[in-house]
Amino acid sequence: MKFRSLICAFALLCLAPLGWAQPGSQLKFCLGSQPRTLNPLLVADDASETVRYLTGGVLMRLNRKTQQLEPELATSWKVSAAGKSITFTLRENVRFSDGTPFSAEDVAYTMQRLMDPALHSPGGDAFRGGEGKLETQISGRNRITLTFPAAVVGLDKLFDQVAIVSAHSPLKEMAVLGPYYVAENKAGAYLLLKRNPNYWKHDASGRQLPYIDSVRLDIQQNRDIELLRLTRGEIELINALDAESYEKLRAKAPQMAVDAGIGLDSEQVWFNQVAAAPIEGYKKAWFASTRFRQAISRAVNRGDIARVVYRGHARPAVSWVSPANRVWFNEKLQPHPFDPQGALALLQQDGFQLQNGTLRDREGHAVEFSVITNAGNKGREKIAAMMQQDLQRVGIRLNVVTLDFPSLIERITRTFNYEACLLGLVNDDLDPNSQMNVWLSSADNHQWNPAQKTPATAWEAEIDKLMRQQASTADFKKRKQAVDRVQQIVWEQEPFIYLVNKEALAGVSPSLHNAAPVALRPQVYWNIDRLTLGTQVADKR
Amino acid sequence: MSALRRLGQHGLRIAVVLLAGGLLSSMLVRTAPGFGVDEQDLDSRLTAESHRALHGAQATEGGFLRFYVEWCGRALHGDLGTSIALNEPVRQLLAERMPETAKTLGAGLGLAWMLGLGLALLSSVPAMRGVGWAAWFVASALLCVPAAVLAILFVLAAAPGRLAVGLIVFPKVFEFTRNLLGHSADLPHVLAARARGVGECRVLFRHVLPVTAAQILALAGVSVCMGLAACIPVEVLCDLPGIGQLAWKAALGRDLPLLVMLTMLVTLATLAANGAAEALAGNLRGGEAR
Amino acid sequence: MKVRIAALVFLALLALGCVLAGWIAPQGYAEQFRSEPDAACSRAHLLGTDDLGRDRFARVLYGTRVSLLLAPAAALLATALAGLIGGAAGFFGGALEGCVMAVTDLVLAMPWFFLLITVRALLPLNVSPALSVSITFALLGCLGWAGAARVVCANARGLCRSDLALLARAQGASGLRLLWRHILPNLRPALSAQFWISIPVFILTEANLGMLGLGVAEPLPSWGSLLRELESCSTGITQPAILAPLVLVILTVSSFQIAVRKEEKHA
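Let me sum up the structure you'll find in this document.

Here is what the cut-offs are and how they apply
- Residues numbered from 1 in each chain as written.
- Chains lettered and ligands numbered in written order.
- Predicted model: local features only at pLDDT ≥ 70, side-chain atom pairs only at ≥ 80, totals over all residues.
- Heavy atoms only, no water.
- Helix = DSSP H or I, 4+ residues; strand = E, 2+ residues; numbered from the N terminus.
- Rg over C-alpha atoms; globule rule 2.2 N^0.38 Å.
- Buried < 20%, exposed > 50% of the residue type's maximum accessible area, 1.4 Å probe, protein only.
- Contact = heavy atoms within 4.5 Å.
- Lys, Arg positive; Asp, Glu negative; His and termini not counted.
- Charge placed at Lys NZ, Arg CZ, Asp CG, Glu CD.
- Polar contact = N/O pair within 3.5 Å; in protein donor to acceptor, adjacent residues only side chain to side chain.
- Buried area = accessible area lost by both parts, 1.4 Å probe.
- Salt bridge = Lys/Arg side-chain N within 4 Å of Asp/Glu carboxyl O.
- Nonpolar A, V, L, I, M, F, W, Y, C, P; charged D, E, K, R; others polar.
- Axes fitted to C-alpha atoms, helices over the stretch in contact; angles between N-to-C directions.
- Parallel < 35°, antiparallel > 145°, perpendicular 65-115°, else oblique.
- Left-handed = near helix turned anticlockwise from the far one by under 90°.

Observations concerning the overall build of chain A
Moving on, step 1. Counting its regular elements, chain A contains 16 helices and 21 strands.
Moving on, step 2. Rg of the C-alpha trace for chain A: 26 Å, near the compact-globule value of 24 Å for 541 residues, within the 12% margin.
Moving on, step 3. In terms of its C-alpha atoms, chain A occupies a principal-axis envelope of roughly 100 × 55 × 40 Å.
Moving on, step 4. Taking all 541 residues of chain A together, the buried fraction comes to 59%.
Moving on, step 5. Long-range pairs, those at least 24 residues apart, make up 68% of the contacts in chain A with a sequence separation of at least 6.
Moving on, step 6. Of the charged side chains in chain A, 64 are positive and 57 negative; the average position of the first set lies 4 Å away from that of the second.

Here it is as structure tokens:
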């Protein structure tokens, strides 16, 4: 008896260093706004996406570090040669957080709901290559084939964003397969996520993941307060830091500041080229001129913007694909140089003349226009102020107007009552097909001149052709050629004047272990089930 | 009977003002630019059909008058609508958050009046001129500090954010009461009292304050509105889940059902506070006449 | 007396600084010294530079022009409206007072944020900075009267019952003459408080209106936009010069009050 007790005690002592999850370990960080929905099929905003990432179980997951797809709820998959169908072999003995068994029926149910045209889900629209219905074929309990109405480029990678919901659970979409489930939701204040007791994943030593017991997401709009809370130890991470906050953090607590390298996001400015826009005709003529846009591009000092606004944590941008996207970026292209003299030469070719420090067009109109941007974004306000000074050097008067976001959206999508707009592109997807609705001239997000009945210019017609071409083939080489050519055209014609690509900056507390911030979202907690806190020790195998 | 009639008149007045407030706010929100647009308009993953469906859903709401009439009809049955920004019933949101704002307002106004009136009273005593100058300078300084900065300072100092509301309202209370007390101190009856050797405290409480009571009470009513306005930046920055934080989110999100209800609440609070001030002032006048 | 002289001297220097800003400021307010963002105080930049490398001393001087001219004008407008509306309501009493006070309560409770957004939408995008900032302050003046009107109304009501009014009536004053000659001038304490409170409040509000596209447009500075730099002080103030606009606003408002208050006492 004594011997057994000794053995037990010894065993406990041996097991202790493996670091059983400390009861009550809680990871805390902030969301910028209240999630608009907890239904994973309707996610359209950042905050909802965060909750979906932490609670949703997906068939495969894009490893944010290696950028390779890894099996999750699907142990294997095969995409048909035509890209129209995909067959999954599902993991067995998996249950939802409420105990409901997971099966192929749930996958079929999720995809049918997602593809329902009445739902208008951004996730569902990504699969919609053409008219028609999704067909599902279930063989056995754990094998399913999904056949789409039209070929979908990059089909497998899209499933990284599809959280499977239960077809049978009484909790409906609140029953989850991910590492956490939503335990508490105080609207506007915080969300509390607790570990999913039925989470299927275990580490190599057999311990159930996640290591951290709960996650508390506080709703905090003010970035300065969020930074303060990190330095005080009230939260453990900031997923996306702006450059100014990063520098403050680096000065105060350098071990917390992490630069994950160049990201996918960019800042750009474009001119309103909508024919029916309520702006003067002579200004429409300016904005429609390629030389005018090229001149503006050369007159703006991208290097200064990267250095002053982003404190060196940005690089002059080239085109719509970031250099961080190693597979798709066209390496032959370089950022446009800062060349005010070159800009003036281009403008002169278009009939503009510099008179007493003011640039005038052929008809004598002084070149003056406004640029709108969203108020409260300090980075963009500074960029606009810098552009103002740069353009002044070539005799152009730029008026900076900051508007609240809904007013700005109304102007650029409904009334088209604006001249130029400075906004950023937030890009989560590596595959250029995700930007189809930006580059097709008939699309609503073809920002400078949306919803065209026929392409207004030859180069837009060429982009239409190339984008459709790359969407209709699974041959990577052909796709790459087409996408490279689109980048080239955009670089030449500059419908968007790309300014900078920002670096992915994050703040991580020393008490958070196993964090390896990357450029792809979610930058810090992409491996949430492997993160540990304090003295917790994870299995590193 | 006449008391009942007066009560009825007040009730009617409150109801009319409330309804007018709701109508006016729904008009302001509904006609302002940016209403009915969504950040999803910029989501390039959505197809053209989805965008059109989004626009269509927003367009079916109709004009502000129709919305308001329908909303009033539902409100009579206890349905205050659902918040667009937070996707929760408005009634539930308000029930959760009103106590928080009530605490913030109570603490803030308590501090503001304690400091404001107290220091104003001290300033009017000739022997305490130094205190008066110091208080005046601090009040002037606080007036010039942005509310957001004050709130941030409280967060930095890990002090209760509620008290920031007090420091925002205090300078206004102090400035008004100091001026009123200072002017009243020069009135003939006060000078006469001093000439007869009446002590300063007695002069202050028996001769100065009663004359200014009506205006001070009116200021008290107005200070409730000042406090509510101050709650917005303080609750947003100090993470206090009250109505101020809700109002800010609602304004940015053009959340019509929530904004109409919040406006009516603020109007009700303003009417109640000002009405109580008037009633007290009326009682004081009645007491004096006797 | 010494304090009053010091206040007057300060105000005179400030006014001189505003007028001669172009000569005093070593650099223009818009020029960006991009190699020196957030620079500390130096001979070249007396108050350092802001985050875009613009000379803070120049921006404070030019910002004084905008705020010193327009904020008091808007405060005067708000005070005048409060005096007229509150005074008339308290004087006439009865149903008129009830209606006016109801309107006042409504004005206090309304989300005017949306009216301001609508005004911005009606203005052309290329509106001149002078027009934009003038409209901003005019709007503030038109909307900022409600709080003081209540206090003024209570004050006027009290004055109507006072010996002062009795004496004036005995001397034959009545109606508007009584209101204009005897009641309104005695509302000075409440109106004076309203005026002095409104100036810094409007300066700060103008800065916040920048987010609606109103207010002072880049690169023109104002005290309000300079004060907004303080909002990023949550992780500490690395440059004390960032407090210069705050100190200046406090000193200016205080000096005005000292100068004017002494004049009232002498009167």
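Overview of the side chain of Asn399 of chain A
Moving on, step 1. Secondary-structure assignment places Asn399 of chain A in strand S17 (residues 397–403).
Moving on, step 2. The exposure class assigned to Asn399 of chain A is buried, which follows from its relative accessible area of 10%.
Moving on, step 3. Polar contacts involving the side chain of Asn399 of chain A include one to the side chain of Glu368 of chain A, which spans 2.9 Å.
Moving on, step 4. Those residues in contact with Asn399 of chain A that sit more than four places away from it in its chain are Glu368, Phe369, Ser370, Val371 and Gln388 of chain A together with Asn126 of chain C.

Topic: the interface of chain A and chain B
Moving on, step 1. Contacts between the two partners involve 38 residues from chain A, matched on the other side by 42 residues from chain B.
Moving on, step 2. Both sides together, the interface formed by chain A and chain B hides about 3,500 Å², and carbon and sulfur atoms give 50% of it.
Moving on, step 3. Where chain A meets chain B, there are four salt bridges.
Moving on, step 4. Asp41 of chain B is the salt-bridge partner of Arg414 of chain A, the closest N and O atoms lying 2.9 Å from each other.
Moving on, step 5. Across the chain A-chain B interface, the total number found is 17 residue pairs in polar contact (both at pLDDT 80 or more).
Moving on, step 6. Of all the secondary structure elements, the ones that give two or more residues to the side of chain A that touches chain B are helix H4 (122–127), strand S8 (180–186), helix H6 (223–232), helix H13 (405–415) and helix H14 (436–439) of chain A.
Moving on, step 7. No other element matches H13 of chain A, which puts eight residues into the side of chain A that touches chain B.
Moving on, step 8. Residues of the side of chain A that touches chain B, tallied by class, amount to 15 nonpolar, 14 polar and nine charged.

Regarding the packing of helix H9 (residues 200–237) of chain B against helix H7 (residues 146–160) of chain C
Moving on, step 1. One can describe the packing of H9 of chain B onto H7 of chain C by two numbers: an axis separation of 8 Å at closest approach and a directional angle of 160 degrees. With respect to each other, H9 of chain B and H7 of chain C are oriented roughly antiparallel. Note on packing geometry: the crossing formed by H9 of chain B with H7 of chain C is right-handed. When H9 of chain B is examined against H7 of chain C, the residues Ala214, Gln215, Ala218, Leu219 and Val222 of chain B are found in contact with a partner set consisting of Gly147, Arg150, Val151, Ala154 and Asn155 of chain C.
Moving on, step 2. By residue class, the composition of the contact of H9 of chain B with H7 of chain C is six nonpolar, three polar and one charged.

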